[in-house]
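Spelled out from the first residue to the last, the chains are:
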Amino acid sequence: MADRDPVPLPAEVRAKLAELELELSEGDITQKGYEKKRSKLIGAFFPQAPGMDPPMGQERRTPVTPSSSSRYHRRRSSGSRDERYRSDVHTEAVQAALAKHKERKMAVPMPSKRRSLVVQTSMDAYTPPDTSSGSEGEGQGDGDGEEGGDCEEEDGGGGGGTSSSREGSISMEHWISRAIHGTSSTTTTTSSTASSSSSSTRSGGSGAAGGRLADVLAQHMHISAHHHLRHHHPHHHHKTENHSAPPDVTGYTNSTANAATDGIQVERAPGGGTAAQRQTPKYGNAELMETGDGVPVSSRVSAKIQQLVNTLKRPKRPPLREFFVDDFEELLEVQQPDPNLPKAEGAQMVAMRGEQLGVVTNWPPSLEAALQRWGTISPKAPCLTTMDTNGKPLYVLTYGKLWSRSLKVAYNLLHKLGTKQEPLVRPGDRVALVFPNNDPAAFMTAFYGCLLAEVVPVPIEVPLTRKDAGSQQIGFLLGSCGVTVALTSDACHKGLPKSPTGEIPQFKGWPKVLWFVTESKHLSKPPRDWFPHIKDANQDTAYIEYKTCKDGSVLGVTVMRIAMLTHCQALTQSCSYTEAETIVNVLDFKKDVGLWHAVLTSVMNMMHVISIPYALMKVNPLSWIQKVCQYKAKVACVKSRDMHWALVAHRDQRDINLGSLRMLVVADGSNPWSISSCDAFLNVFQSKGLKPEVICPCASSPEALTVAIRRPVEEGSTPPGRGVLSMQGLSHGVIRVDSEEKLSVLTLQDVGSVMPGAMMCVVKPEGVPQLCKADEIGEMCVCTVATGTSYYGLAGMTKNTFEVFPTSNNGAPISEFPFTRTGLLGFIGPAGLIFVAGKMDGLMVVGGRRHNADDIVATALAVEPMKFVYRGRIAVFSIMVLHDERIVVVAEQRPDSTEEDSFQWMSRVLQAIDGIHQVGVYCLALVPSNTLPKTPLGGIHLSETKQLFLEGALHPCNVLMCPHTCVTNLPKPRQKQPEIGPASVMVGNLVSGKRIAQASGRDLGQIEDNDQARKFLFLSEVLQWRAQTTPDHVLYTLLNSRGTIASSLTCVQLHKRAEKIAGMLAERGHLQDGDHVALVYPPGIDLIVAFYGCLYAGCVPITVRPPHPQNIATTLPTVKMIVEVSRSVCVMTTQLICKLLRSKEASAAVDVRTWPPVLDTDDLPKKKPPLLYKPSNPDTLAYLDFSVSTTGMLAGVKMSHTATSAFCRSIKLQCELYPSREVAICLDPYCGLGFVLWCLCSVYSGHQSILIPPSELEVNPALWLSAVSQYKVRDTFCSYSVMELCTKGLGLQTDSLKSRGLDLSRVRTCVVVAEERPRTALTQSFSKLFKDLGLHPRAVSTSFGCRVNLAICLQPHRLGKLADQGTSGPDPTTVYVDMRALRHDRVRLVERGSPHSLPLMESGKILPGVRIIIANPETKGPMGESHLGEIWVHSGHNASGYFTVYGDEALQSDHFNSRLSFGDTQTVWARTGYLGFLRRTELTDASGERHDALYVVGALEEAMELRGMRYHPIDIETSVIRTHKSITECAVFTWTNLLVVVVELDGSEQEALDLVPLVTNVVLEEHYLIVGVVVVVDIGVIPINSRGEKQRMHLRDGFLADQLDPIYVAYNM
């Protein structure tokens, strides 16, 4: 039966065939019509003679599977762990799954990297590869000429193989339908003949295991395997549709066409004697006409409707459950079990017993006794032959030599280490065996030496470097076992890494060990009278085998001497080993199957082992087959990988004959994907004498040793079983013969029956070890002497694994003896055959369904084309994100593949896995070739890979994340409730005892103070008064970057210079009173002089930050804009800036001709003005304050003379400022509180201000703190950017600063001036850092101001030891609020350190004369204390409105003149635009009042509405910055409902892609949000304004205009 078309069909024909197929399966077309149309479609492609059967002749030329050479030679070098995954069935299934997806046309934006374009790859650009892509099993029915199959027979030659698989599946189905009390597990669909025949072939894995096998099985039994099938089918050759339509695997009968009318008709050559026992009833129409729930269906139509109903019942993605959770109990979606899920329905399974372990009389009483026997009676018998890398025998170890050398090792271990009184090693101690993989002889000698000395060997891998992937964990194992001596060979000892002195360094995590070389020449001979005590096998520990767990930790499984011996006996009986047999071993002899067969059982039976080192396999993959021929070996122990490699290379060999083999032990036969290697191997080597029944897969685990092994059968007895199971069923833990999906199948081969002397049962993998039902997958447990007994030193884990008492339904234990968990998942099938479906270690439970990592690897590898990744270098693991496991696939990419290709391959892999396993992949990462951590034998070190992934150290070159498709358990989006009326709010607050959130500072009217300045309404008058009364009192001192005084101003100097400016304005500028003047000065004295000059001239000053000379293009337009918006009629500045404004660069940036007149104030006129301006109305403008908000809006506010004076007075009272005080100010003097402190307060209060321009700190970061220390300042003001500069710049210099005498102990208040939520982390680290220099931690506090009121809170604290100076303020308080509640605008206090807690620092003490209320920004109603609302402020120093050209009145009145909608509706409030809440604290202030603390949470216009909740960017940014050390800064914003995260990377560009999964994870975990786009940029890309606040909107504009030049942009799907 031609399994493949000789002519690949074009895609459109395939598509049409798929449609036909569909019509037929849905009953829209008759069988006859279908065949007619089909042959018409394909006719053109078949050069077929009339009456001839499929064109076999064309295929005869290829005795090999079509795949053989071309495809494999390319891949051989990858030296991978896994060909076990190669299954063409799977390849075709994957192709079909992809074809399905293709119809859906996915368009995924490709991630953009630097220097690469963003391409919208759409899936239709891909055409599926033609059928001839080839893979081992494909076309195993291609009438293999050399097998002598005659072409007239349909199943010529190797074709029989396909049927065996089909037949296995029937047996399975039969057995299952029996298991579930006759309810049929298959859902009805009648299918086209062709597809069912093709697909049963396909689903059978790669077929040919049974060679030519009969087709139907007897009850529980397969039929003797030597008859050709003769199904005369008219159209065996129509095989094309596989790629385009999902093949239909329903009937599992070969001739479904007939099956619809009568039972299965099988013609059989005489000799099928068992046929009579066959059970037919289920397989006629009854079977095919039953629906899933066993309801008979009378006609096709209702079947179709039923199918429709079933599909409707089963939505693809589970819908989110409908609920609204009040308050904060934001429940994550819990996946509700779908009522249609397959459930186990069978009876409870019965524990299976193996045959009796028949003790043969001459079996030795212990392995040492066996060694002694053979070493003395046949010392010349060969025990072990080692090969060198050229495949030449390097060395033959005889039993005599093994015996004498082991004795020598034993004697030296016990007597030559340490001293006579204090031997280093005593019987029962553990020693490490460190031998390379190419020296089995030295290993065997050491191992048996330890057994003879009664010392416990712990064989481990050779540590290659000090920081080898798993070597640290192995070190922990050695430490816990108390190992002090390591045995090794001479060559290995020489090869270990050495320190310069020649010592072997201590490996990371290892205990200190003494290295002991076991070569005979280094050992002393035991005295004649010394002889080891050879006991019978007892309960002492014989050896410890190491096992690496899923998480990378290494455990030691202890095996007792009696267990070791019993295990050898059981293997001898199962494998029928006899004395002097030859066995070829390719496996690692230090552990597992290799150790058990080639070191232990071989010695018990005096067998001869031919050991093939891994290095030789790499050079010559055929070496083991050559050795089998050369030595006429009876047994070989291999892994499926070795079979695969042999297939790849077998072209080079002609004279191979495997006729001598009676048993080919496949060590990883329990891996479901090994079946394809077995089948393909058989297919190729059957012609070289390999008998089908020789292949013996086995299942083993470190804990239970050999769990099962298929026995080498005599000719004509039961052929092996196969099961074709539905992956969907498996993911729910039940066994269903695949019927419906047809794509997602897993073909299993049995691994034989239970070991002799053992009992096996299957228990539920989680929870109580209860027996599974017969059709349920569970963890296999065995009860036998021959298992491990404990994990060394871990009593708890030992109990859970080695002392399990399985219980039946009624809770009673099934046996009084303990069972051992094997770590394998599977079931006991018909005839007691054991099937393994996966490992507990590879299990990933996603959304309640179980998936096996190996299966997902297989699906990924089946995605064509494979040219982008290396076959065996692929890792699949799961990580916990948001309370569920998420699947991560990591593969190594070939160096020559392009971005687009890889991305396309990645998106196809995602679709394939979704199509076949119905599970989403959370993250798919490709890393450069050869960068994944390796295990000692070259496989991928999974736990290490996972660790690197989670630490962000994997450095992938391509990442595709799909959180949108995978994460289905997010909390339900919040619905806004209808607003509650005012009355209900009042009553509600009364009832619950909540206060309306309002607070106020001290009342200005009641404060008694001898304030002389209060007499004056205008600052200009205060200055004139000070110039007369205290002319020489210094008001301002400006420091330069060296910390020396650059200039200073006394009262009279300021007055005189201001007069000159006023004169100049009148004379040169011809200004009238009320004109606006822009002051463009660097921070310093000139700015202050110019400001008072304007007041003297009656003009309104506007301070503007000068353009940055290095960055004119971006800074000058802002200056120009402020000048224009403020309607300034003239610009005053210094000579230097004057030149800058007229420079070439400036004219490139702005239109220079439209500047108003520019006055240079460096040389002032000598004469003073005739008369100073006397302002009359205090409500007129004093100055305009312009600033750019965080959202990038330029806003100017009007400050009247009244407000200005009130402001200065409020600050004076709060900070207790007098002429005798000195205050250090390190702020930008252009807007807000910074300007007021720099220019106004000293004049009002008379204190001396020490001015430190923040820009000078870039030159000398210690400038500010040195000045504070030098001038013994008690009060200082700074900005966050200054604080950050000090923290980062002086972090390591605190000691040197201390030695220079820097002392901050006099500082009582250090206030950070800000218009944002206090940066708790920064202030805390600043306090901690400078605590050593005497800074009191409580001295640091923050202030809060905004556009409508430049300072609402300002908190200097009075510290205890300075109590005599007045104690007006309590400590600042930090509260912890629940971040989840905050998203719902509620404030819920929690304990520090509780999950989801967010620390918030009080923003400072409310200034005198300020009242605050928290109002609902939408309804404008007052809010209770437990709610987050907008902060509204009422105060004498509120600004009087926005100054705009446009005069937007509505906004103006809303922000500055708002009234509450109920409650106190009279007071006029200004809206700050910030969200916050008030808390009455426990602290009292000086007057004994408890004080109200204001907590600012964030700007209203910056908050993001996502999923119905309110998020503050800073919270998400804080989480993101914490995830990886290379993220220096982060900003988030939304764009079309997607959350965009921009991170600045401080590191190499290789690290950029590491950040994508980490960022996505942390935002999901902590904020329940899915990140839409992750943008990685260089340091300094995120724009920051002068106050150190991020300009997120500017960044957003830059992102949308594509101006960021990102390193990488990832679009999460």
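Residues numbered from 1 in each chain as written. Predicted model: local features only at pLDDT ≥ 70, side-chain atom pairs only at ≥ 80, totals over all residues. Heavy atoms only, no water.

## With respect to the sheet that holds strand β12 (residues 554-560)
The test is simple: A pair of strands is labelled paired if DSSP reports no fewer than 2 bridges between them. Helix and strand definitions follow DSSP, with helices as H or I runs of at least four residues and strands as E runs of at least two, each counted in order from the N terminus. The criterion used for residue contact is that any of the two residues' heavy atoms lie within 4.5 Å. To get an axis, fit a line to the C-alpha atoms, keeping to the stretch in contact for a helix; angles then go from 0 to 180 degrees between the N-to-C directions.
Taken in spatial order, the three strands of this open sheet run β11-β12-β24, and their pairing is antiparallel. Of all strands in the sheet, those bounded by a partner on one side alone are β11 (541-548) and β24 (790-791). The pairing of β11 with β12 spans seven bridges and is classified as antiparallel. Across the sheet, Y543 pairs through a bridge with V559, a residue of β12. Relative to β12, helix α13 (residues 471-480) is tilted by about 45°, and along the sheet it contacts β11 and β12. This element, helix α15 (residues 561-575), spans β11 and β12 of the sheet and lies at about 80° to β12.

## Points about the pairing of strand β56 (residues 1527-1535)
Direction of pairing for β56 relative to strand β57 (residues 1538-1545): antiparallel, over a ladder of eight bridges. Within β57, the position partnered with F1533 by the bridge is V1540. Hairpin connection, β56 to β57: the antiparallel pair is bridged by two residues, and T1536 has positive phi, about 45°.

## Brief notes about the pattern of salt bridges
Rules: Counted as salt bridges are all cases of a side-chain nitrogen of Lys or Arg within 4 Å of a carboxyl oxygen of Asp or Glu. Here the term buried applies to any residue with accessible area under 20% of the maximum for its type, exposed to any over 50%, and partly exposed to those in between, with areas from a 1.4 Å probe on protein chains only.
Under the counting rule described, the total for this entry stands at 40 salt bridges. Between D490 and K521 there is a salt bridge, with the nearest N and O atoms lying 3.6 Å from each other. With D490 in helix α14 (residues 490-495) and K521 in the loop between β10 (514-517) and β11, this pair connects stretches of sequence that are 31 residues apart. Given a relative accessible area of 66%, K521 falls into the exposed group. Where salt bridges share partners, they join E1502, E1517, E1529, K1590 and R1592 into one cluster.

## Looking at the packing of helix α23 (residues 853-862) against helix α24 (residues 899-917)
Put simply, the test is: Note on terminology: angles under 35 degrees are roughly parallel, angles over 145 are roughly antiparallel, angles of 65 to 115 are roughly perpendicular, and the others are oblique. Crossings are classed by handedness, with left-handed meaning an anticlockwise turn of the near helix from the far one by less than a right angle and right-handed meaning a clockwise turn. The nonpolar class holds Ala, Val, Leu, Ile, Met, Phe, Trp, Tyr, Cys and Pro. Asp, Glu, Lys and Arg form the charged class, and all remaining residues, Gly among them, are polar.
Following both chains from N to C, one finds α23 and α24 inclined at 130°, their axes separated by 9 Å at the closest point. Between α23 and α24, the angle falls in the class oblique. Every pair of crossing elements has a handedness; the one defined by α23 and α24 is right-handed. Of the residues in α24, those in contact with D855, I856, T859 and A860 of α23 are W905, V909, A912, I913, I916 and H917. In terms of residue class, the contact of α23 with α24 is built from seven nonpolar, two polar and one charged.

## Focus: the nonpolar core
Quick note on the threshold: Residues belong to a common nonpolar core when they are buried Ala, Val, Leu, Ile, Met, Phe, Trp, Tyr or Cys residues joined through side-chain atoms within 4.5 Å.
Counting 102 residues, the largest nonpolar core has L433, Y448, L487, Y543, L600 and I834 as its most contacted members. Residue contributions to this core peak at eleven residues, all from helix α12 (residues 440-453). Those residues in contact with L487, other than ones at most four positions away along the chain, are V409, L413, V431, A432, L433, V434, F435, A446, C450, F516 and T518. Residues Y1036, I1211, L1217 and C1346 belong to the second largest nonpolar core, which totals 92 residues.

## Here we look at the side chain of S406
Rule in force here: Here a polar contact means two N or O atoms within 3.5 Å. Within protein one must be a hydrogen donor candidate and the other an acceptor candidate, and residues neighboring in sequence count only if both atoms are side-chain atoms.
Secondary-structure assignment places S406 in helix α11 (residues 399-415). In this structure S406 comes out as buried when scored by relative accessible area, which is 0%. Within the local environment of S406, its side chain forms a polar contact with the backbone oxygen of L402, the two atoms lying 2.5 Å apart. Apart from residues no more than four positions distant in its own chain, S406 is found in contact with L371, T445, Y448, G449 and L452.

## Description of the environment of Y922
Assignment of secondary structure puts Y922 in strand β31 (residues 921-928). In the structure, Y922 is positioned 690 residues away from N1612 in sequence and 9.7 Å away in space, judged by C-alpha atoms.

## Quick notes on the packing of aromatic side chains
What counts is decided by this rule: Pairing of aromatic side chains here covers Phe, Tyr and the six-membered ring of Trp, requires ring centres within 6.5 Å, and sorts the geometry by plane angle: under 30 degrees stacked, over 60 edge-to-face, intermediate tilted. When the NZ atom of lysine or the CZ atom of arginine is within 6 Å of a ring's centre and also within 35 degrees of its normal, the charge is said to sit over that ring.
Scanning all chains against the criterion turns up 26 aromatic pairs. Taking the centre distance of 5.8 Å and the plane angle of 70° together, the rings of F877 and F949 count as edge-to-face. Of this pair, F877 sits in strand β29 (residues 869-881) while F949 sits in helix α25 (residues 942-951), and the two are 72 residues apart along the sequence. Overall, the relative accessible area of 5% leaves F877 in the buried class. Accessibility expressed as a relative area gives 3% for F949, which makes it buried. Of the aromatic side chains, those joined through ring pairs into one cluster are F435, F443, F447, Y448, Y543 and F589. It is K591 that lies over the ring of Y546; its NZ or CZ is 4.6 Å from the centre.

## Comments concerning the environment of G428
Inspection of the secondary structure assignment puts G428 in the loop between α11 and β7 (430-434). Residues G428 and A542 lie 114 residues apart in sequence; the distance between their C-alpha atoms is 9.0 Å. Not counting residues within four places of it along the chain, the set of residues in contact with G428 comprises E454, V455 and V456.

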